[in-house]
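# Remarks on the overall topology
Listed below, chain by chain, are the residues.
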Amino acid sequence: MASSLTKDSARPGTPGPEKTFFGHPRGLATLFMTEMWERFSYYGMRALLPLYLVAPGGLHLSAGTATAIYAVYLSLVYLLTLPGGWFADRVLGPRKTVAVAGLVIMLGHLCLALPAAASFYVGLGLVAIGSGLLKANISTMVGHLYDGPEDPRRDGGFTVFYIGINLGAFVAPLVIGTVGENVDWHLGFALAALGMALGLVQFLLGGRHLNPRSSEVPTPLSPAEKAATLRKGLIWLAVAVVFYALVGGTGHFTLNWALIPLTLLGLIVPILVITRILRDQDLDAGERSKVSAYIWFFVAAAVFWMIYDQGGSTLSLFASEKADNTVFGWEFPVSWYQSVNPVLIMALAPVFAWLWLWLNRRGKEPSTIVKFASGLVLVGASFFLFLAPLSIAEGGHKAAAMWLVAIYFVQTVGELTLSPVGLSVTTKMAPAKYASQMMGVWFLAVTAGDSVTALLSNPAVGGINLDRTGFVALEAALAVVAGFAVYMFRKKVKGLMGEVR
């Protein structure tokens with residue numbers, strides 16, 4: 001990226017002549033590259049994960065168990081953003097937390113690269129912990145590079161950063177997926193570790209270009225708080241160790257002794273967090289009303305992500321067994337489907353940004369509620385579209401690859417309608433007291449949606465075959481009905497939102 005570093009002294013907010021990154025603070029190059037390599041490792045491993053879990057040369061699990069593991073893993077990544085943000089705010093500060101996160105993620109991928117089931121599950125846990133620590137803090141550090149919310153370069157900086165995310169996500173399945181599927185699964189996971197190692201080295205070498213604020217601990221724990229937190233943590237750790245030692249010692253331990261508690265945690269925590277905020281007596285009536293309105297968006301988002309995230313599990317497993325994964329007679333790895341979404345995001349995000357501005361100038365931009373409802377209808381439509389390749393497969397034929405590409409296309413359009421809007425409305429509706437924590441609450445919608453998928457697919461709980469025609473149709477109908485419900489009750493929700501639009 002050295003060629004993109006140029007001299008720039010005329011840009012507003014740039015203190016004197018210094019090297020910049022596409023006109024932005026040089027620290028953005030450090031964070032761009034760190035996030036790009038982290039996403040490379042994350043999405044590469046994620047593309048291989050469900051395929052490895054069911055493969056005869058992998059763990060050879062059932063599709064239901066594989067889907068449950070995949071969904072629990074995703075839910076944990078987003079659930080752990082809450083303690084990840086807390087850890088940076090109270091203990092280490094964002095910069096040191098991201099460095100620790102990178103090391104934990106790298107070690108996790110190295111565990112995945114070992115040919116043993118026990119080390120594989122340890123690796124999944126480490127990657128989830130590290131991802132939660134990093135995801136919660138690296139975006140905060142991007143914000144630190146600018147002179148407050150009014151800096152004219154701020155939005156552009158986050159756009160460049162977003163490109164890094166999708167660039168890593170696009171390349172990862174093409175490299176890691178190809179090696180994992182065609183050469184060796186564990187070599188693929190090792191490449192993910194190498195990607196994170198490169199990101200960590202980039203972060204450590206370029207750390208001097210970051211804003212000093214990123215090294216600060218905003219609200220450090222007092223000695224008494226540290227002692228109390230450590231004591232509580234050790235007590236809960238001891239309870240877990242004793243419990244699982246008893247279960248394992250008596251010969252009763254199965255994978256579900258870990259999967260089901262984690263799944264329930266992914267459903268219970270979001271409810272507890274939102275309830276605690278809603279019942280906080282420090283909130284005034286207006287803030288409490290906005291939180292009540294936000295619950296509508298949260299539930300809608302959970303339904304959306306429940307279906308959307310099956311693009312990496314249900315759709316991927318369907319493609320591995322029942323799709324003709326060829327283009328002009330050339331066969332490609334199943335994991336390559338996971339590159340469709342990021343490349344579409346990079347192509348369509350500027351189009352949507354332009355479209356909303358164009359409609360806004362004409363006074364016709366849809367409201368936040370209408371955009372949300374549209375996202376739900378679109379993700380439902382993607383699963384109605386899924387019924388076509390399912391029908392083809394039931395007829396004894398292999399479905400064309402373009403059916404799956406079309407499904408990912410519709411889902412991506414739905415994502416662009418709902419996800420950026422959800423992030424925006426979260427910041428607008430957050431009570432002042434919970435300004436930072438509400439972003440973690442938004443991520444909990446992903447946790448809740450994936451936890452529902454895990455419960456439904458787990459053979460010990462729901463045992464539902466998620467690529468069964470009837471159930472796919474039911475999920476599609478649920479999303480569409482939820483979209484229409486949000487639209488029908490838009491006046492009520494607008495009333496609760498107050499001045500937010």
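Residues numbered from 1 in each chain as written. Predicted model: local features only at pLDDT ≥ 70, side-chain atom pairs only at ≥ 80, totals over all residues. Heavy atoms only, no water.

### Examining the domain arrangement of the protein chain
Annotation of the protein chain at the domain level lists domain 1 (22–220), domain 2 (227–253) and domain 3 (258–500). The interface of domain 1 with domain 3 comprises 34 residues on the first partner and 38 residues on the second. For the domain 1 and domain 3 pair, buried surface summed over both sides reaches about 3000 Å², with 75% attributable to carbon and sulfur atoms. Along the contact surface separating domain 1 from domain 3 lie 7 residue pairs in polar contact (both at pLDDT 80 or more). Within the residue set of the side of domain 1 that touches domain 3, elements represented by two or more residues are helix 1 (27–54), helix 2 (63–79), helix 3 (81–92) and helix 6 (154–182). (Domains from an automatic or database assignment. Contact = heavy atoms within 4.5 Å. Buried area = accessible area lost by both parts, 1.4 Å probe. Polar contact = N/O pair within 3.5 Å; in protein donor to acceptor, adjacent residues only side chain to side chain. Helix = DSSP H or I, 4+ residues; strand = E, 2+ residues; numbered from the N terminus.)

### A word on helix 1
In an α-helix, one turn spans 3.6 residues, which is why side chains three or four residues apart end up on the same side. When the terminal C-alpha atoms of helix 1 are compared, their 42 Å separation across 28 residues agrees well with the 40 Å that a helix rising 1.5 Å per residue should span. The sharpest bend along helix 1 reaches about 30 degrees and sits at L48, with the proline P50 one to four residues further on. (Expected span 1.5 Å × (residues − 1). Bend = angle between axes of the 7 residues up to and from the residue.)

### So, the layout of surface pockets
Computed from the structure, the second largest pocket encloses a volume of approximately 500 Å³. In terms of lining, the second largest pocket is formed by 27 residues, of which the most central are L51, V54, L317, S320 and E321. For the lining of the second largest pocket, the secondary structure elements donating two or more residues are helix 1, helix 2, helix 6 and helix 11 (314–322). By residue number, the principal contributor to the lining of the second largest pocket is helix 11, which donates 6 residues. Within the lining of the second largest pocket, the residues separate by chemical class into 13 nonpolar, 9 polar and 5 charged. (1 Å grid on protein atoms, 1.4 Å probe; cavity = no way out; pocket = protein on both sides within 12 Å on 5 of 7 lines; lining within 4 Å. Points joined across faces, edges and corners; volume = space filled by probe spheres on them. Nonpolar A, V, L, I, M, F, W, Y, C, P; charged D, E, K, R; others polar.)

### Some thoughts on the packing of aromatic side chains
Under the defined criterion, the tally for this structure stands at 27 aromatic pairs. Ring geometry for F372 and W442: centres 6.2 Å apart, planes at 70 degrees, overall edge-to-face. With F372 in helix 13 (residues 368–394) and W442 in helix 15 (residues 437–457), this residue pair connects regions lying 70 residues apart in the sequence. Connected via pairs of aromatic rings, a cluster forms that spans Y52, F120, Y121, W185 and F189. A cation over an aromatic ring shows up here: R39 above the ring of Y42, its NZ or CZ 4.2 Å from the ring centre. Residue placement shows R490 over the ring face of Y487; its charged tip is 3.9 Å from the ring centre. (Phe/Tyr/Trp six-rings, centres within 6.5 Å; stacked < 30°, edge-to-face > 60°. Lys NZ or Arg CZ within 6 Å of the ring centre and 35° of its normal.)

### As for the confidence of the model for the protein chain
Here the protein chain shows a mean pLDDT of 89. Residues at 70 or above account for 95%. Confidence over residues 1–17 falls short of pLDDT 50; this stretch has 30 contacts with residues more than four positions distant or in other chains. (pLDDT = per-residue confidence, 0-100.)

### Side note on the side chain of N341
Its place among the elements puts N341 in helix 12 (residues 340–361). At a separation of 2.9 Å, a polar atom in the side chain of N341 contacts the side chain of Y308.

### Brief notes about the packing of helix 8 (residues 223–249) against helix 9 (residues 256–278)
At a minimum axis separation of 12 Å, helix 8 and helix 9 run at an interaxial angle of 145 degrees. Across from F243, Y244 and V247 in helix 8, the residues of helix 9 making contact are W257, A258 and P261. The residue inventory of the contact of helix 8 with helix 9, partitioned by class, reads 6 nonpolar, no polar and no charged. (Axes fitted to C-alpha atoms, helices over the stretch in contact; angles between N-to-C directions.)

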